[in-house]
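Structural overview for review
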Amino acid sequence: MNFLRGVMGGPSAGPQPSGADTIQKLCDRVASSTLLDDRRDAVRALKSLSKKYRLEVGIQAMEHLIHVLQTDRSDSEIIGYALDTLYNVISNDLEEEEQEENLPKQVDDLGSQFTEIFIKQQENVTLLLTLVEEFDFHVRWPGVKLLTSLLKQQGPQVQQIILVSPMGVSRLMDLLADSREVIRNDGVLLLQQLTKSNAAIQKIVAFENAFERLLDIITEEGNSDGGIVVEDCLLLLQNLLKNNNSNQNFFKEGSYIQRMKPWFEVEDDNCGWSAQKVTNLHLMLQLVRVLVSPTNPPGATSSCQKAMFHCGLLQQLCTILMATGVPADILTETINTVSEVIRGCQMNQDYFASVNAPSNPPRPAIVVLLMSMVNERQPFVLRCAVLYCFQCFLYKNQKGQGEIVSTLLPSTIDATGNSVSAGQLLCGGLFSTDSLSNWCAAVALAHALQENATLKEQLLRVQLATSIGNPPVSLLQQCTNILSQGSKVQTRVGLLMLLCTWLSNCSIAVTHFLHNPANIPFLTGQIAENLGEEEQLVQGLCALLLGISIYYNDNSLENYRKEKLKQLIEKRIGRENFIEKLGFISKHELYSRAAQKPQPSFSSPDHMMFDHEFTKLVKELEGVISKAIYKSSEEDKKEEEVKKTLEQHDNIVTHYKKVIREQDQELEELKQRINTLTSQNEQLQATVTQQVSQIQQHKDQYNLLKVQLGKDTQHHNSHSDTFQMNGIQTEEASKLKEELEEWKNKHELLQGQLREKDSLIEKLKSSQLEMGTTEQSSQTSKSAGLEHNNELQKELEVLRSQIQLQSAEISKLQIENQKLQVKNTTADPVLGGSGATAANSSELEGRLEQEIKELKSELKALSEEKESLKQHLDSSTSTVAILQDEKSKLQQEVAESKKEQDDLLVLLADQDQKLSALKIKLKDLGVPVEDEDDIESGDQGDEDEDGDEEEQD
């Protein structure tokens, strides 16, 4: 134990061993010790030496430490020491401390080399994943740190190993649910490294409910007021969402955008912003921009934009935009975020146009932002953000473009001058002394004219008062005047981009431009000169403007027809030279940068030369202008004719579109009318049904009253007829007695017939029970059952007709009995002189009533017997059907068995033929073959010999 005492700081005698020797002894102890305590002490000593002797421990002890992880998993303490030692060896985080202590710097890629050794055996990473699952803090925490370090050193390789290991990513997701904050926070860092640039792992993590857990952690930590844990969660969310359309869609469909709104509930106070809060809010804004980035698919971006508007997120961002005391970098990022949330979404753009700044009097947010853009004292980054916001507000927004241009027109300018409009700010920036303001205003105005020919024509009406006493000058003329005065390159580039955008696809603007006789000589002079590199960009833009003046020329000016302008280029510039100067634009470095993304991002104001939308225009026109320069007059004429026909076709198409729109409107109106009429019809039908029900009630009441009146009249008439009827009652009573006796006899006959039918049914049942024994008996019983069923059905029909006749006669008797009762009851008591006749009639009535009751009960019993008979018939028919099914099944089985026997016979015949053929071949070859008859005779002889022996015994 002397070397351990030396390592641990105890007193020792003799020369001290070197670090490498000590590490070698410790490694031997780890490998050879049988006691767990000895191995644990040796690993603890290696851990203490691993920071100072990183290289030696990594080379000598790594294999032993991995073996400890595999064999000593039952002891959490030694596993924790081994994991810590491996972390110290692999991690490069300790190099900064070593450099501060002025120790010799180790090789930069030492950690990556040890990582490569560790992951060479993929089982090591799988083992580490199983250790991370342990709940013990001393095992789980160092395991998480070691896995994070491995991912930092060799990310793609470790990602692939984890991806192919069973439930590898799912195991690591459990770290976010750990109640110990240290492990949970380091788990977030681990997932950050795991999800870098790996879409497959990003999808797995997202579908393992990562969004829900991370948003819960951010809420628990206090949203933007939280600490560095919130920052780590936001970075992980960015990894999961950036350039991953599947996860973005899952985030939106899971209603997680709505949970982002509380992040931006920032109070308007001057209490100060901590550095961590600024960082957190910056990352939150970037996360919103990831969801609505212009590089995403248009459908996904649009749905996210709408969701942000409906949940109030856009409104919350606009509140931060107009708040006071917000740091400059947060304000800049908020402007960029609002820009991309409203870009190309009409609903969001309309809302942004309605936002007012909290000033007195209130001003539109667009005006306040433009004031910042043309103010040279504002930070450069903020001015770029405002320009981007203005561009996004006008992107695919013809309504917004019209509102901006309308502030420049003479009819809408505020005469009082109390408020500053967006148009006035743009004109002020366009003609200010600050070149950056000139460029920003020119680009902003160009976006107001983008793909809108009507606004280009309306902008020609704008007149500017340049100085007192001089007549007003058009905006187009003023732009060309400033251009010819030779201002800064940035100003001229901005004005040339504005003019190119203005004149493209607008023949009227081209005519106005050519109407000034100084413009074409200026352009040709600029293109023809051989200037320095800085002026080459201006020359290229001048060539583009001249090419637009040729391509979109309608030949309305005689001196500046297409052919004459081409001749002018040929004489003064040369076609090749002109095409070369035109190519200066697309070859410029700043052009390629601007073409990459819509947001204007420049390292310095001097690099602010090109706009993204203008690069699209150059791509579209460069080839077209080059072809137009080389075209002859005849080709131009043909092209003009084609253009005219196309215009005619376009006019026809627009006319039909207009007609279709009108028809659509008429259809909508008709549909609305149909809906209203249907609703009215339903209401009228409801009222009609109510009225019909009321009428029916009135009819019923009327019928009741009518019946009551009829009874009263009948009662009144019966008093006059009683005397005549009393003499006839005895004869009718005797007739009724005779009819009742006949009905009793008929009833007894019917009961006898029913008994016979019951016996037939019992016979049928017994015959049906015997059907299942054999197929032949089943067939005979089926035929008999069917015959019985037919006979029973016929007899049932006869019984039904008899019962109906009986019921009709009984009803007649009842009616006559009721009449007699009415006559008896209504008879005058004074006329009942003979007591014998009255007594006889009352007795007769009582008997009649009793006999009628008995007949009713017998009829009821008869109907019940009829129903039971029907049930017996139904059951018999069902049993017959079942037996028929069984018969068909049996026949099918017999047919199948016959078929199988035939097949077997065929196979046996084939085998016999094959055997006979083989026997013939064997005989031909000289092999003795016994025939079956010989074999049978031989077997019989053997049996006879056995029998003789038994007899002798």
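Each remark here, short or long, concerns the structure printed above.
Here is a short report on the structure shown in this document. Just so it is clear, the structure is predicted and the values come from calculations on it, not from any experiment.

1. Section: the environment of Gln477
Considering the arrangement of structural elements, one finds Gln477 in helix α28 (residues 475–484). Sequence separation of Gln477 and Phe513 is 36 residues, and the distance between their C-alpha atoms is 7.8 Å.

2. Looking at helix α2 (residues 19–32)
Helical geometry: 3.6 residues make up each α-helical turn, so side chains three or four residues apart lie on a common side. Taking 1.5 Å of rise per residue, 14 residues should cover 20 Å, and α2 covers 20 Å from first to last C-alpha, within 8% of that figure. Restricting attention to buried positions, one finds in α2 the residues Gly19, Thr22, Ile23, Leu26, Cys27, Arg29 and Val30. End-on view of α2: buried residues confined to an arc of 160°, all on one side of the axis. In α2, the exposed residues that point more than 90 degrees away from the buried face are Ala31 and Ser32.

3. Some words on the packing of aromatic side chains
Across all of its chains, the model carries 13 aromatic pairs by this definition. Ring centres of Tyr591 and Phe610 lie 5.6 Å apart, and the angle between their planes is 90°; on these two criteria the pair is classed as edge-to-face. Taken together, the residues Tyr591 in helix α36 (residues 589–594) and Phe610 in the loop between α36 and α37 (612–630) connect sequence positions 19 residues apart. Exposure class is identical for Tyr591 and Phe610. Each is buried. Taken together through their ring pairs, the aromatic side chains of Phe207, Phe211, Phe250, Phe251 and Tyr256 make up a single cluster. For Arg180, the ring lying beneath its charged end belongs to Phe135, and the centroid distance is 4.0 Å. Cation over ring: Lys277 sits above Trp273, and NZ or CZ is 4.7 Å from the ring centre.

4. Description of the layout of surface pockets
Of the pockets and cavities examined, the largest pocket occupies roughly 1,100 Å³. Around the largest pocket, the lining comprises 36 residues; the ones closest to its centre are Ala453, Ser504, Asn505, Cys506 and Tyr552. Mapped onto the lining of the largest pocket, the elements with two or more residues apiece are α24 (398–406), α27 (453–459), α37 and α38 (633–726). Here the residues of the lining of the largest pocket sort into 10 nonpolar, 13 polar and 13 charged.

5. A word on the packing of helix α4 (residues 54–71) against helix α5 (residues 76–90)
At their nearest, the axes of α4 and α5 sit 9 Å apart, and the two run at 145° to each other. Crossing handedness for the pair α4 and α5: left-handed. Together, Arg54, Val57, Gly58, Met62, Leu65, Val68 and Leu69 of α4 and Ile78, Ile79, Ala82, Leu83, Thr85, Leu86, Asn88, Val89 and Ile90 of α5 make up the contact between the two elements. Considered class by class, the residues forming the contact of α4 with α5 number 12 nonpolar, 3 polar and 1 charged.

6. Quick notes on helix α3 (residues 36–50)
The first and last C-alpha atoms of α3 sit 21 Å apart over 15 residues, in line with the 21 Å expected at 1.5 Å per residue. All of the buried residues along α3 are Arg39, Arg40, Ala42, Val43, Ala45, Leu46, Leu49 and Ser50.

7. Brief notes about the side chain of Asn296
Within the element layout of this structure, Asn296 appears in the loop between α17 (275–291) and α18 (298–310). Overall, the relative accessible area of 7% leaves Asn296 in the buried class. Within the structure, the side chain of Asn296 is placed 3.3 Å from the side chain of Gln248, a separation counted as a polar contact. Residues in contact with Asn296, not counting those within four places in the same chain, are Gln248, Val290, Leu291 and Thr301.

8. Quick word on the pattern of salt bridges
Inspection of every chain in the model, using the stated rule, returns 26 salt bridges. Across the salt bridge formed by Arg39 and Asp72, the nearest N and O atoms sit 3.0 Å from each other. Here Asp72 lies in the loop between α4 and α5 and Arg39 lies in helix α3, a separation of 33 residues in the sequence. We note that Arg39, like Asp72, is buried. The closest approach of N and O atoms between Arg343 and Glu613, which form a salt bridge, is 4.0 Å. With a gap of 270 residues between them, Arg343 in the loop between α20 (328–342) and α21 (346–354) and Glu613 in helix α37 connect regions that are remote in the sequence.

Definitions and cut-offs
- Residues numbered from 1 in each chain as written.
- Predicted model: local features only at pLDDT ≥ 70, side-chain atom pairs only at ≥ 80, totals over all residues.
- Heavy atoms only, no water.
- Helix = DSSP H or I, 4+ residues; strand = E, 2+ residues; numbered from the N terminus.
- Expected span 1.5 Å × (residues − 1).
- Buried < 20%, exposed > 50% of the residue type's maximum accessible area, 1.4 Å probe, protein only.
- Arc of directions from axis to C-beta.
- Phe/Tyr/Trp six-rings, centres within 6.5 Å; stacked < 30°, edge-to-face > 60°.
- Lys NZ or Arg CZ within 6 Å of the ring centre and 35° of its normal.
- 1 Å grid on protein atoms, 1.4 Å probe; cavity = no way out; pocket = protein on both sides within 12 Å on 5 of 7 lines; lining within 4 Å.
- Points joined across faces, edges and corners; volume = space filled by probe spheres on them.
- Nonpolar A, V, L, I, M, F, W, Y, C, P; charged D, E, K, R; others polar.
- Axes fitted to C-alpha atoms, helices over the stretch in contact; angles between N-to-C directions.
- Left-handed = near helix turned anticlockwise from the far one by under 90°.
- Contact = heavy atoms within 4.5 Å.
- Polar contact = N/O pair within 3.5 Å; in protein donor to acceptor, adjacent residues only side chain to side chain.
- Salt bridge = Lys/Arg side-chain N within 4 Å of Asp/Glu carboxyl O.

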